[in-house]
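# A closer look at the structure
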Amino acid sequence: MASTPSPSGAVSPLGATPSPPAPAPGWSNWAGNQRATAAHVLRPSSVEELADVVRDAASGGHRIKAVGSGHSFTDIARTDDRRVELTNLAGPVRVDPERRLVTVPAGLELCELNVLLARHGLAMPNLGDIDAQTIAGAISTGTHGTGAGYGCLSTFVTALTLVTGTGEVRHCSAENDPELFAAARVGLGALGVITEVTLRCVDAFVLRADERPAPLAAVLADLPDLIAGNDHFEFYWFPYTDRVQVKTNNRVPADDRPLPRFRGWLDDEFLSNTVFAGACRLGRAVPALVPPISAISARALTARTYTGRSDRVFCTPRRVRFTEMEYGVPRAVLPEALAALRRVVDGLPFKVLFPVEVRFTAPDDIWLSHGYQRESAYLAIHQYVGAPYEPYFRAFERLVIEWGGRPHWGKLHYRDAESLRPAYPRFDDFVAVRDRLDPSRVFANAYTERVLGA
């Protein structure tokens, strides 16, 4: 992304490019488990044009969905009517280095944002382990990283602009329209199309990553200290074993121990992608081999410690395709929830090919955030693409509901509005905002009708 700083610290608009030919109406997400064919594909080049698109859809009784990079596993972005892509809605990028604020187009991908911020000596305070999502998609679904002092990525948003279901352009922040701000930061695409986001950043920083295998029992016994004693802590449990891989990331003053290029390729490309993909294919073909493969994987992982630019440590390449469900639960119930999950895995009629990821976040005040007003532990369960998953996911979901589990909005779940309402104290407040902003349900689809009600 080319941009030129001005003396005031602002950045000129992104370079305009000729509009490409209209894309084919077919669409699928990254995992390939969601597909749709839109009647029309629209690429507005300005906020005014987008507002016209929305008003036209509303007057004609049509529905539209804005799509990002397709990294949600649910049908949240599916539409067979009008699909809106924001690739031409570039807009200006504004950087305020002194206040550490950056305003960017909502369709910008996180990987591009990280490069932009690094050029200005800034960084996101926290990130998840994938950076392919658009900013609007990431915040709308509650995407998060790990760290007891950090909420989801939406907590870094200080202002945003969206086009509502009536074609009105609304700007909101904690000071300007705080009710809309509390709802729209995790809005599920149900309140409007986000066009611009202002993010609170921090000075660029270096992380020291430490990754090593450990016994599950030892990690659970030391869990409070591991969470409190590290800036960012998570672990992966390998099914059919009592082993985990522990990952900690902590801020350090200097990048004095960079990962050798060969070791990075060996671990993150060859072993984590090429070899792991082969192991998954073998396990899918011969399920009896899955437990020994998992045991070998857990034992074969070696410790490594290295330093690097924060986003390069947080984010890793993910080329092995999978389906995923993730639930946030009160942090105190994690050991019980993990023990119950282990029993589910042992009782399945098929084998689980992927490790279970466990992460932690701080409370926040965003109405539909999974971390609303509580310290959370997240359990993310995966299954290799093409392998059976629904009985596994449904069994896990039944367990976590009793602990007040809240599903990640961009990952598979089977909840409806009646089931979700007790889990979110401000659920009805959110629905009321939707009623005002999208009275004709221009932004509705099967997913929003299920989780929010028709």
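Structure report, in brief. All figures in this text were calculated on a predicted structure; none of them were measured in a lab. Throughout, a residue's number is its position along its own chain's written sequence, starting from 1. Local features in this predicted model are restricted to residues of pLDDT 70 or higher, and side-chain atom pairs are both shown and tallied only at a pLDDT of 80 or more, whereas totals for entire chains, interfaces and linings draw on every residue. Side-chain descriptors were evaluated using all non-hydrogen atoms of the structure, hydrogens and water having been removed beforehand.

### What to know about the sheet that holds strand β3 (residues 40-42)
The strand order across the open sheet formed by three strands is β3-β5-β4, and the pairing between neighbours is parallel. The sheet terminates laterally at β3 and β4 (64-67), the two strands that pair on one side only. Averaged over all pairs of adjacent strands, the angle between strand axes in this sheet comes to 25°, irrespective of strand direction. A pair of strands is considered paired only if DSSP assigns at least 2 bridges between the two. Labels follow the DSSP assignment, with helices taken as runs of H or I lasting at least four residues and strands as runs of E lasting at least two, numbered in each case from the N terminus. Looking at chain direction, β4 and strand β5 (residues 82-85) are connected through four bridges and run parallel. Bridge assignment links V67 to a residue of β5, and that residue is E85. Packed onto the sheet, helix α1 (residues 47-59) meets β3, β4 and β5 and runs at close to 170° relative to β5. Orientation is described by lines fitted to C-alpha atoms, with helices fitted over the stretch in contact, and by angles between N-to-C directions that extend from 0 to 180 degrees. Here, residues are in contact when the closest pair of their heavy atoms is within 4.5 Å.

### Some thoughts on the layout of surface pockets
Cavities and pockets were defined on a 1 Å grid built over protein atoms only: a cavity is a set of grid points that admits a 1.4 Å probe from which the probe cannot escape, a pocket is an open set flanked by protein on both sides within 12 Å along at least five of seven lines, and lining residues are those with an atom within 4 Å of any such point. Grid points are joined across faces, edges and corners, and a volume is the space filled by probe spheres set on the points. By volume, the second largest pocket is sized at about 1,100 Å³. Lining the second largest pocket are 38 residues, and of these F238, L271, S272, F276 and L301 sit closest to its centre. Within the residue set of the lining of the second largest pocket, elements represented by two or more residues are β15 (243-252), α7 (261-285) and α8 (290-300). Among the elements that line the lining of the second largest pocket, the one with the most residues is α7, at 11 residues.

### A few points about the pairing of strand β16 (residues 304-309)
Burial of β16 is extensive: five of the six residues sit out of reach of the surface. Where strand β13 (residues 206-215) and β16 come together, six bridges link them in antiparallel fashion. By the bridge assignment, L207 is partnered in β16 with G308. Accessibility here uses a 1.4 Å probe with only protein chains present; expressed as a share of the type maximum, an area under 20% marks a residue as buried, one over 50% as exposed, and anything in between as partly exposed.

### Comments concerning the packing of aromatic side chains
Here a pair means two rings of Phe, Tyr or Trp (six-membered ring of Trp) with centres within 6.5 Å. Their orientation is stacked below 30 degrees between planes, edge-to-face above 60, and tilted elsewhere. Per the stated rule, a full pass over the model turns up 12 aromatic pairs. Between the aromatic rings of W30 and F73, the centroid separation amounts to 6.3 Å while the plane-to-plane angle is 90°, which identifies the pairing as edge-to-face. Highlighted residues: W30 in the loop between β1 (26-28) and β2 (35-37) and F73 in the loop between β4 and β5, separated in sequence by 43 residues. Here W30 falls in the buried class, since its relative accessible area comes to 13%. Its relative accessible area of 5% is what places F73 among the buried residues. Aromatic side chains F233 and F235 sit 6.1 Å apart centroid to centroid with 40° between the ring planes, which places their arrangement in the tilted category. Taking the relative accessible area as the measure of exposure, F233 reaches 2% and is therefore buried. Site record: aromatic cluster; members linked through ring pairs are W30, F73, F276, F322 and F354. Definition used: whenever NZ (Lys) or CZ (Arg) falls within 6 Å of the ring centre and also within 35 degrees of the ring normal, the charge is taken to sit over that ring. Positioned above the aromatic ring of F205, the side-chain terminus of R251 is 3.7 Å from the ring centre. Between R406 and the ring centre of Y424, over which it is positioned, the NZ or CZ distance is 5.2 Å.

### Quick look at α1
Taking 1.5 Å of rise per residue, the 13 residues of α1 would be expected to cover 18 Å, and the 18 Å separating its terminal C-alpha atoms lies within 8% of that figure. For α1, every residue scored as buried is listed here: L50, A51, V53, V54 and A57. In a view along the axis of α1, the buried residues occupy a sector of 155°, so they form one face of it. Of the exposed residues in α1, those oriented more than 90 degrees away from the buried face are E48 and S59. Looking at the buried positions of α1, the neighbouring elements they touch are β3, β4, β5, β9 (157-163) and β11 (193-200). Helix span, expected: 1.5 Å multiplied by one less than the number of residues in the helix. Directions pointing from the helix axis toward each C-beta atom define the arc.

### Some details on the pairing of β15
Among the 10 residues of β15, eight are classified as buried, and the element is accordingly described as predominantly covered. By the bridge criterion, six bridges tie strand β14 (residues 232-237) to β15 in an arrangement that is antiparallel. Residue pairing in the sheet places E234 in a bridge with K247 of β15. Hairpin connection, β14 to β15: the antiparallel pair is bridged by five residues, and Y240 has positive phi, about 70°.

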